[in-house]
Structures are given as structure tokens and as C-alpha cells.
Amino acid sequence: MAKSETVGEHLRRHGISRRAFLKFCAVTASAMALPPGAGKAIAETLAKQQRPNVIWLSFQECTGCTESLTRSYAPTIEKLIFDVISLDYHETLMAASGEAAEAAREAIIKDYPGKYVVMIDGSVPVEGGYATIGGKSMLDICKHTVANAAAVVCVGTCSSFGGIPYANPNPTGAKSISMLMDEGLVPRKPLINVSGCPPIPVVITGVVVHYLSYGVPELDHVGRPKAFFGQTIHDRCYRRPFYDQGKFAKTFDDEGARNGWCLFELGCKGPTTYNSCATTKWNDGTSFPIESGHGCLGCSEPNFWDKGSFYAPLATSESGGVYGLGAAAAAGVAVGVGAAIVSRNHQKKLQEGK
Amino acid sequence: MNAWKDIGIEVGVGDKGERAANAWALLHEIEGMLDELLNNDKESSIDLRGIPMSAADRTVLERVLGEGELTARITALGLSQVRETAIHGVWWVTHYNTEDTVVAEFLEVSSCPDMLRSHADDIRDTLENLRTQLAQHQE
């Protein structure tokens with residue numbers, strides 16, 4: 001590992017031209033809705049910086065978050081993030097194993113105190129004995145690694161909010177990183193939650209680039225970057241006009257479904273889910289779940305697994321009803337207007353930083 | 001992944017009453033940017049992916065800006081196309097990924113977009129390469 005190498009030097013050594021780097025920064029800035037011209041500023045800032053050391057910790061997780069990033073649809077652009085950072089520890093990706101791997105993590109903690117970034121996927125079990133790595137509990141590893149970190153980026157809903165391991169009955173006592181910090185079980189550090197099950201690849205990349213260029217981005221009330229989580233799926237959904245007109249599919253194969261009407265009554269959680277799927281999309285920009293005919297599951301929201309059936313409309317789900325509209329859900333237009341008001345109010349609060 | 005394109009899915013939004021209001025607003029903004037470029041040497045750009053544009057908006061924008069004299073294709077992390085429009089100083093920059101999907105699109109108001117310029121670091125590195133070859137030739 002070249003200790004004094006800048007990002008620019010590293011890229012050139014690997015045959016990546018300044019033009020290619022400018023393109024990477026322009027694409028990332030565009031995805032984050034940063035002002036035009038920010039790509040050039042990011043490129044100039046990043047090129048002069050030393051590559052930050054990154055320790056990626058995987059706790060109770062399925063590796064879907066790593067798969068999302070490494071199998072992203074624009075591999076050569078989004079994978080460039082691995083040249084911008086120095087990924088020194090990642091159990092799935094690193095060649096080393098056993099004591100050699102753990103020694104690499106310890107070396108970064110010792111050699112770069114207060115300078116390295118910890119990226120975490122998975123929640124942490126606090127009940128004894130559920131998960132250990134190298135004879136140490138996940139909680140101890142988390143506490144030890146985060147103690148000297150500059151910042152923590154939670155990748156995925158499990159580390160951000162607890163996710164599926166945290167779901168009822170939560171047999172392992174799983175907790176998110178923010179819960180552990182709130183309870184004093186892990187030292188408090190600047191924390192960015194990039195939720196989603198899994199998160200969108202460009203969101204992971206964008207957040208890392210923003211942190212390295214400008215520091216911690218503006219966050220919403222649950223610690224997510226507003227650039228990607230400032231609007232609901234519903235706000236940007238192409239089926240929104242049907243919602244406002246009160247045109248809802250009642251089953252997955254009725255005339256409304258075939259006409260592409262709103263999936264609200266089939267359980268779509270788009271109105272209460274903050275994420276960029278409707279604009280960024282998945283699979284080579286092909287579509288997002290609603291475009292493929294299935295409602296949003298709300299996977300980037302806290303406790304999404306315990307909010308009742310994925311197929312129950314929001315107003316009648318176990319969450320108690322988001323809008324309190326109950327039977328009025330069937331009234332279509334009334335639902336549309338009510339949800340729009342609630343959604344806009346939430347949006348306004350986010351913009352006002354409340 | 002190109003196989004996705006072969007799946008016969010047609011997506012219809014429904015609203016066919018498209019207007020081109022955004023295109024004309026953008027063109028007025030470009031007019032001001034060109035003034036700034038001429039008078040204060042200030043470069044600027046517009047991120048087209050960040051602006052909601054209907055098909056009509058795009059048609060108007062492409063028609064008014066037109067085709068210029070110069071188009072450059074750059075191969076860096078996939079293709080990028082830098083095309084000067086008929087309005088000199090306004091460049092249409094389109095970035096594709098390695099699977100030829102558009103990943104970013106800008107209108108740049110500049111005498112020469114950054115993507116076309118050679119960067120000093122790259123010049124330095126490749127000059128070294130040239131000198132190495134020259135040295136080998138002399139041996």
C-alpha cells in the first residue's frame with residue numbers, strides 16, 4: 001500500500017486518465033443532484049487527496065449490499081470508487097484470511113487513528129454468543145474499530161435501522177449502529193445511513209465521494225443523505241397521475257393493473273418510502289419495482305419488515321395507518337390529495353431541516 | 001445486460017398533451033450563460049438529467065440548438081460524446097457507460113469543454129512514455 005499516494009497519482013498509475021476521472025465525478029455529481037460544475041470541483045479536490053483507508057465490516061447481513069455495489073450496472077464507472085478509496089479490509093473481497101486479515105484491520109486502526117472510514121453492512125447482535133469473528137464478538141469488533149474512525153457509513157437497512165435481523169422477534173438482540181451509539185455501546189462518530197435492501201449502487205458511491213470531497217452530506221431526520229432520500233418513491237413515481245385521478249389496480253391481473261394504474265391498494269409503500277429508485281432505477285436503468293408491476297416494499301425505511309403485510313394498503317396496515325384515512329382509501333381522489341399533502345408536508349420539513 | 005432491452009415492455013405515461021415550456025426557459029438561461037462567457041470568460045453548464053423534460057422539450061431544444069461543426073467521441077469508462085451545437089460555445093455532452101446506456105447529459109457553455117482538454121498530469125505521464133521509447137530507439 002503506497003502511504004503517500006494521492007487519488008490522482010493512484011488513478012494514473014492504473015491507467016485511468018484525467019478525462020475518465022472527470023467523467024466519473026460528473027456522473028456522480030449528476031446522480032447526487034449537485035450543482036452543474038460540481039463534478040469538476042470534486043475531481044480537483046479528490047485528485048489531490050490521499051486515498052482514504054476504508055475498513056468494511058460485515059455483521060448480520062446477507063452480502064446483498066456488497067453484491068449491489070460490485071455488480072452494479074455501470075461497472076467501470078461505479079467500481080472506480082475502489083480506486084478512489086483504499087479498501088483495506090472487506091471479508092468478502094479481500095484475498096487475505098484468518099489472522100492475516102485481522103492484522104490488516106488492526107494495522108489501519110493503529111496507523112491511521114482518526115483518519116480512516118468504517119463502512120458497515122449488517123446489524124450487530126448484542127445477545128451473547130450469536131456471532132463472533134476470530135473469537136471476538138461483533139459488538140466488540142464494532143466498538144474497537146469505530147473508536148478511532150473519522151466517520152461511519154452504514155450501507156444497507158440492517159446497519160442503518162436494524163433491518164431483517166432486527167425484525168420481530170429479533171432473537172439475537174440485533175441493533176443498528178445508530179442504536180448502539182445512542183446507548184453508548186459504540187463510541188459516537190459522524191454517521192451516514194445509506195439504507196435500502198440493498199442500497200442503490202450509485203447512492204453508495206455518491207455518498208462516499210461527497211464525504212471525501214465536502215464532508216458529511218446534509219442528512220434527513222434518520223441520518224440519510226437528502227440528495228438521495230429527500231423525496232418519496234411516490235413523489236417521483238410515473239404512476240402518480242393515476243393515484244391523483246383515483247385510478248387503482250385492485251388485483252395484479254385486472255384491467256387497472258394492465259393499464260399501469262397506481263398500486264396503492266395492492267400495498268405499495270411508495271408514499272412513505274424515501275429513496276431514489278423511481279429516478280435512478282435498477283438493472284441497467286431498466287425499471288424499478290413499481291415499473292415491473294409490484295408495489296414498493298419500503299425497504300429503505302426503519303422497521304419495514306414489521307409494518308404489516310407487503311400487500312396491505314398503507315391506510316389499513318398494522319402501522320396504524322399513515323394518513324389516518326382508513327376507509328377513505330377507496331375514495332381514490334381523496335386519498336391522492338390527502339397523501340400528497342402529508343407527503344409534501346414531510347418534504348417541506350426535510351427541506352427546512354426539521 | 002443488453003438482453004433487458006429485448007423484453008417487450010411498453011411503458012405509457014398517459015399524458016400526451018406535452019408542452020415545451022422547459023426548453024424555452026433553458027434556452028433563455030443559455031442566452032445569459034453565453035453573455036457571461038463572452039463578457040466575463042465564465043464557463044457554466046446545465047445538467048439535463050436534473051431537469052424534467054418532456055419529449056416536446058427535447059425536440060425543441062435539439063431543433064433550436066442544432067448541429068455544429070465538431071463532434072468528438074471519447075473512450076473513457078465507456079463512450080462520451082462531445083458535440084458542439086450550431087450555437088457556438090454551447091456543447092452537448094453525453095456520457096454513456098460501458099453498456100451504451102446514457103448515465104449523464106450536460107449542456108456546457110464554454111469555448112472548449114474540459115473533457116476535450118489534455119490534462120497536465122496526463123501530458124507529463126505520456127511524455128515520459130515517449131521519452132522512454134526514444135531512449136530505447138537510440139540504444
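Please read all numbers here as calculations on a predicted model, not as lab measurements. (Residues numbered from 1 in each chain as written. Chains lettered and ligands numbered in written order. Predicted model: local features only at pLDDT ≥ 70, side-chain atom pairs only at ≥ 80, totals over all residues. Heavy atoms only, no water.)

Enquirer: Go over the overall build of chain B, please, and point to the residues and values.
Expert: Of regular secondary structure, chain B possesses 3 helices and 5 strands. When the helices and strands of chain B are placed in sequence order, the string is α-β-α-β-β-β-β-α. Residue burial in chain B is summarised as follows: out of 139 residues, 36% are buried. For chain B, restricting intrachain contacts to residue pairs at least 6 apart in sequence, the fraction spanning at least 24 positions comes to 45%. Entry remark: accessible area of chain B is about 8700 Å², with carbon and sulfur atoms responsible for 51%. (Helix = DSSP H or I, 4+ residues; strand = E, 2+ residues; numbered from the N terminus. Buried < 20%, exposed > 50% of the residue type's maximum accessible area, 1.4 Å probe, protein only. Contact = heavy atoms within 4.5 Å. Areas by Shrake-Rupley, 256 points an atom, 1.4 Å probe, with all protein chains shown as cover.)

Enquirer: Could you give an account of the packing of helix 1 (residues 21-40) of chain B against helix 2 (residues 55-65) of chain B, with specific residues and numbers?
Expert: All names here are of chain B. Between helix 1 and helix 2, the least distance of the axes is 7 Å, while the angle of their chain directions is 35 degrees. Note on packing geometry: the crossing formed by helix 1 with helix 2 is right-handed. The segment helix 1 lies against helix 2, with Ala21, Asn22, Ala23, Trp24, Leu26, Leu27 and Ile30 engaging Asp57, Val60, Leu61, Arg63, Val64 and Leu65. A breakdown of the residues in the contact of helix 1 with helix 2 according to their chemical character gives 10 nonpolar, 1 polar and 2 charged. (Axes fitted to C-alpha atoms, helices over the stretch in contact; angles between N-to-C directions. Left-handed = near helix turned anticlockwise from the far one by under 90°. Nonpolar A, V, L, I, M, F, W, Y, C, P; charged D, E, K, R; others polar.)

Enquirer: Outline empty space enclosed by the protein, listing residues and values.
Expert: Applying the stated criterion to the full structure yields 5 cavities of 30 Å³ or more. Empty space within the largest cavity amounts to approximately 80 Å³. Taken together, His234, Cys237, Arg239, Arg240, Tyr243, Cys262, Leu263, Phe264, Cys268, Gly270, Pro271 and Ile290 of chain A form the lining of the largest cavity. Taken together, the residues that form the lining of the largest cavity break down as 8 nonpolar, 2 polar and 2 charged. By volume, the second largest cavity amounts to about 70 Å³. For the lining of the second largest cavity, the secondary structure elements donating two or more residues are helix 1 (7-13) and helix 2 (18-31) of chain A together with helix 3 (120-138) of chain B. Here the element with the most residues in the lining of the second largest cavity is helix 1 of chain A; it accounts for 3 residues. Looking at the lining of the second largest cavity residue by residue, the classes come out as 4 nonpolar, 3 polar and 4 charged. (1 Å grid on protein atoms, 1.4 Å probe; cavity = no way out; pocket = protein on both sides within 12 Å on 5 of 7 lines; lining within 4 Å. Points joined across faces, edges and corners; volume = space filled by probe spheres on them.)

Enquirer: So what's going on with the sheet that holds strand 1 (residues 53-58) of chain A? Residues and values would help.
Expert: The strands making up a sheet are joined through hydrogen bonds of the backbone, oriented either antiparallel or parallel. All names here are of chain A. A sheet is described by the order of its strands in space; here 5 strands give the open sequence 2-1-3-7-9, paired in parallel fashion. If you trace the sheet from one side to the other, it starts and ends with strand 2 (86-90) and strand 9 (191-194), each paired once. On average, each strand axis in the sheet is tilted by 20 degrees relative to the strand beside it, whichever way the strands run. (Pairing = 2+ DSSP bridges.)

Enquirer: Explain a nonpolar patch on the surface to me, using residue names and the numbers behind them.
Expert: Residue and element names in this part refer to chain B. A cluster of nonpolar side chains, contributed by Leu127, Leu130 and Leu134, occupies part of the molecular surface with about 250 Å² of accessible area. Turning to its location among the elements, Leu127 is positioned in helix 3. For Leu127, a relative accessible area of 33% translates into the label partly exposed. (Patch = residues over 30% accessible without salt bridge, like charges linked within 9 Å, V, L, I, M, F, W, Y side chains within 5 Å. Salt bridge = Lys/Arg side-chain N within 4 Å of Asp/Glu carboxyl O.)

Enquirer: Before we move on, can you summarise the interface of chain B and chain A with the specific residues and values?
Expert: On the chain A side, the residues contacting the 35 residues of chain B number 26 residues. Summed over the shared surface of chain B and chain A, the number is 3 salt bridges. With a shortest N-O distance of 2.8 Å, Arg12 of chain A and Asp125 of chain B are connected by a salt bridge. Across the chain B-chain A interface, the total number found is 14 residue pairs in polar contact (both at pLDDT 80 or more). Elements with a minimum of two residues in the side of chain B that touches chain A: strand 1 (44-47), strand 3 (79-84), strand 4 (90-96), strand 5 (102-109) and helix 3 of chain B. Here the residues of the side of chain B that touches chain A are counted per class, giving 15 nonpolar, 10 polar and 10 charged. (Polar contact = N/O pair within 3.5 Å; in protein donor to acceptor, adjacent residues only side chain to side chain.)

Enquirer: Lay out unusual backbone geometry with the relevant residues and their values.
Expert: All names here are of chain A. The omega torsion across Asn168 and Pro169 is 15 degrees, close enough to zero to call that bond cis. Following the sequence through the fold, Pro169 ends up in the loop between helix 10 (163-166) and strand 8 (174-175). Cis geometry is adopted by the peptide bond preceding Pro198, which originates at Cys197 and carries an omega value of 0 degrees. Topologically, Pro198 is positioned in the loop between strand 9 and helix 12 (201-214). You will see that Thr63, though not glycine, has its phi angle at about 75 degrees, which is positive. By the secondary structure assignment, Thr63 is in the loop between strand 1 and helix 4 (64-70). With phi around 45 degrees, Asn170 is a residue other than glycine that occupies positive phi space. With respect to the helices, strands and loops of the structure, Asn170 is situated in the loop between helix 10 and strand 8.

Enquirer: Explain the packing of helix 2 of chain A against helix 3 (residues 38-48) of chain A residue by residue, including any values.
Expert: Residue and element names in this part refer to chain A. Two elements in contact, helix 2 and helix 3, have axes whose closest approach is 8 Å; the angle formed by their N-to-C orientations is 125 degrees. By the angle class used here, helix 2 and helix 3 are oblique. Between helix 2 and helix 3 the crossing geometry is right-handed. Together, Arg18, Phe21, Leu22, Cys25, Ala26 and Ala29 of helix 2 and Ala38, Gly39, Lys40, Ile42, Ala43, Glu44, Leu46 and Ala47 of helix 3 make up the contact between the two elements. Tallied by class, the residues present in the contact of helix 2 with helix 3 amount to 10 nonpolar, 1 polar and 3 charged. (Parallel < 35°, antiparallel > 145°, perpendicular 65-115°, else oblique.)

Enquirer: So what's going on with the sheet that holds strand 3 of chain B? Which residues, and what values?
Expert: Residue and element names in this part refer to chain B. An order of 1-5-4-3-2 is seen for the 5 strands of this open sheet, with the pairing classed as antiparallel. Looking at the sheet topology across the chains shown, the edges are occupied by strand 1 and strand 2 (71-75). Mean inter-strand twist for the sheet, computed between neighbouring axes without regard to direction, equals 20 degrees. Across the face of the sheet, helix 2 comes into contact with strand 4 and strand 5 while running at roughly 130 degrees to strand 4.

Enquirer: If you had to explain the domain arrangement of chain A to someone new, which residues and values would you point to?
Expert: Much of the literature gives interface size as the accessible area that the parts lose upon coming together. Residues and elements named next belong to chain A. Once the domains are mapped, chain A shows domain 1 (51-228) and domain 2 (231-351). Tallying the contact residues gives 23 residues for domain 1 and 21 residues for domain 2. Surface buried jointly by domain 1 and domain 2 totals about 1700 Å² across both partners, of which 62% is contributed by carbon and sulfur atoms. Connecting domain 1 to domain 2 are 1 salt bridge. (Domains from an automatic or database assignment. Buried area = accessible area lost by both parts, 1.4 Å probe.)

Enquirer: Residues and numbers for the layout of surface pockets, please.
Expert: Estimates place the volume of the second largest pocket at around 390 Å³. Along the wall of the second largest pocket there are 24 residues; nearest its centre are Gly37 and Lys40 of chain A together with Ser45, Glu108 and Asp114 of chain B. Elements with a contribution of two residues or more to the lining of the second largest pocket: helix 2 and helix 3 of chain A together with strand 1 and strand 5 of chain B. For the lining of the second largest pocket, the element with the highest residue contribution is helix 2 of chain A, accounting for 5 residues.

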